[in-house]
Amino acid sequence: MSSSDLARRAFLARIGVLGAVTGAGVLLPPALAAAPVATAAAPPLPILVDLLRPILAELARDTLNGLTTFVVPGPDNYSRAQGTPVSSPGALEMGATDFMIEALDHFVPFPDQLAKPLSTAFVTALADTGIKLPDSLLGLIDLQVSTLDKALAIVLQNDESLPLSLVIALLLNLLATQVNPLALNGVFLSPFARLSFADKARAFELLEGPDADLVALLDGNLPQPLRGSVSGLLKFVGGALLEFPAFGAFSEWKVFDKKTRKLKSRPAGWQLTGYQPAGPVEGWDDFRGYYQGRTSVED
């Protein structure tokens, strides 16, 4: 196996794709597969692309679960894994991950000029080979990894159906393995979700700081005149990724009925903050009718 193949394999592992696909059983090392080595190849490319999409969606959701619980911890497994569980409702109970996916995939909160170079970087970038891969990922045969690589490129280069939540998840996973290489393996699907609270904070320090490796990875894919402005764009992304989970968690997102345009129950955020203890009001007295009893106005 060439050094570039090894680096590409390491990169696929660092962004969480290789582990997620192996965990789903789509690719298995010959030693674990029932088929002999000669037939333990990956599915044909079109089939693998179809198989890959739901796996990547789960990888994105798992990564964003790790992100939203980093912002608003609760009694869930992600909060326990990062070392900050609390008994009160957290991001998952408040629907913050669903909010994030909806917002990222249907309302782009940061420049599209960065989203496209990000996806391009995930298609083309290599990684240093200083990180030791788990044995389960080293056992895959070259043809499997090569076919997976091509399938990922097809998914990421399809502008019409590329969910931005996936791009963000891959970015966070790359940072996660930079902070802690041991995050390549463990519970949860994504490396970022496996980090401790302190390590997640360090991953955001890299995202918002002058991280030379990350800047170099993205800067080469940015068009002019944006080239050279990656650091500023990443600071914006980092801020948005911390603000949106909090906004989603403490909004009425989870309990708002779009058909009736009413709340189905009292939002958990209202309960935690003591907001409107007597329930919603239909406007404050001071703002009803005309000012000082007037019933009409003239020029």
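Residues numbered from 1 in each chain as written. Predicted model: local features only at pLDDT ≥ 70, side-chain atom pairs only at ≥ 80, totals over all residues. Heavy atoms only, no water.

## Regarding the nonpolar core
Here is step 1: Ile-15, Val-17, Phe-122, Leu-214 and Leu-241 are the most contacted members of the largest nonpolar core, which has 69 residues in total.
Here is step 2: Setting aside anything within four residues of it in sequence, one finds Val-17 in contact with Leu-12, Leu-56, Leu-59, Leu-148, Leu-152 and Leu-170.
Here is step 3: Ranked by size, the runner-up nonpolar core spans 5 residues in total, among them Val-72, Ala-91, Met-94 and Ala-96. (Core = buried A, V, L, I, M, F, W, Y, C linked by side-chain atoms within 4.5 Å. Buried < 20%, exposed > 50% of the residue type's maximum accessible area, 1.4 Å probe, protein only. Contact = heavy atoms within 4.5 Å.)

## Here we look at helix H8 (residues 142-156)
Here is step 1: With 15 residues, H8 extends 21 Å between its outermost C-alpha atoms, agreeing within 8% with the 21 Å of an ideal straight helix rising 1.5 Å per residue.
Here is step 2: Among the residues of H8, those classed as buried are Gln-144, Val-145, Thr-147, Leu-148, Asp-149, Ala-151, Leu-152, Ala-153, Val-155 and Leu-156. (Helix = DSSP H or I, 4+ residues; strand = E, 2+ residues; numbered from the N terminus. Expected span 1.5 Å × (residues − 1).)

## Overview of the environment of Ser-165
Here is step 1: Within the secondary structure, Ser-165 is located in helix H9 (residues 164-179).
Here is step 2: On the accessibility criterion, Ser-165 (4% relative accessible area) is buried.
Here is step 3: Residues Ser-165 and His-106, spaced 59 residues apart in sequence, show a C-alpha to C-alpha distance of 9.6 Å.

## Section: the packing of helix H3 (residues 45-71) against H8
Here is step 1: Packing of H3 against H8 brings their axes to within 9 Å, and their N-to-C directions diverge by 65°. Considering the angle they form, H3 stands roughly perpendicular to H8. Relative to H8, the crossing made by H3 is right-handed. Side by side, H3 and H8 meet where Leu-45, Leu-48, Val-49, Leu-52, Arg-53 and Leu-56 of the first sit next to Thr-147, Leu-148, Lys-150, Ala-151, Leu-152, Ile-154 and Val-155 of the second. (Axes fitted to C-alpha atoms, helices over the stretch in contact; angles between N-to-C directions. Parallel < 35°, antiparallel > 145°, perpendicular 65-115°, else oblique. Left-handed = near helix turned anticlockwise from the far one by under 90°.)

## Focus on the packing of aromatic side chains
Here is step 1: By the definition in use, this model includes 9 aromatic pairs.
Here is step 2: Between Phe-99 and Phe-244, the ring centres sit 6.1 Å apart and the planes meet at 35°, which makes this aromatic pair tilted. Within this pair, whereas Phe-99 is found in helix H5 (residues 96-106), its partner Phe-244 is found in helix H12 (residues 230-249), the two being separated by 145 residues in sequence. In terms of burial, Phe-99 and Phe-244 fall into one category: buried.
Here is step 3: A relative accessible area of 10% places Phe-99 in the buried class.
Here is step 4: Taken together, the aromatic side chains of Phe-70, Phe-192, Phe-197 and Phe-204 make up a single cluster linked through ring pairs. (Phe/Tyr/Trp six-rings, centres within 6.5 Å; stacked < 30°, edge-to-face > 60°.)

## Concerning the side chain of Asp-62
Here is step 1: Positionally, Asp-62 belongs in helix H3.
Here is step 2: Arg-194 is the oppositely charged side chain nearest to the buried, salt-bridge-free Asp-62, at an N-O distance of 6.4 Å.
Here is step 3: Discounting chain neighbours no more than four positions away, the residues touching Asp-62 are Tyr-78, Phe-188, Leu-189, Ser-190 and Ala-193. (Lys, Arg positive; Asp, Glu negative; His and termini not counted. Salt bridge = Lys/Arg side-chain N within 4 Å of Asp/Glu carboxyl O.)

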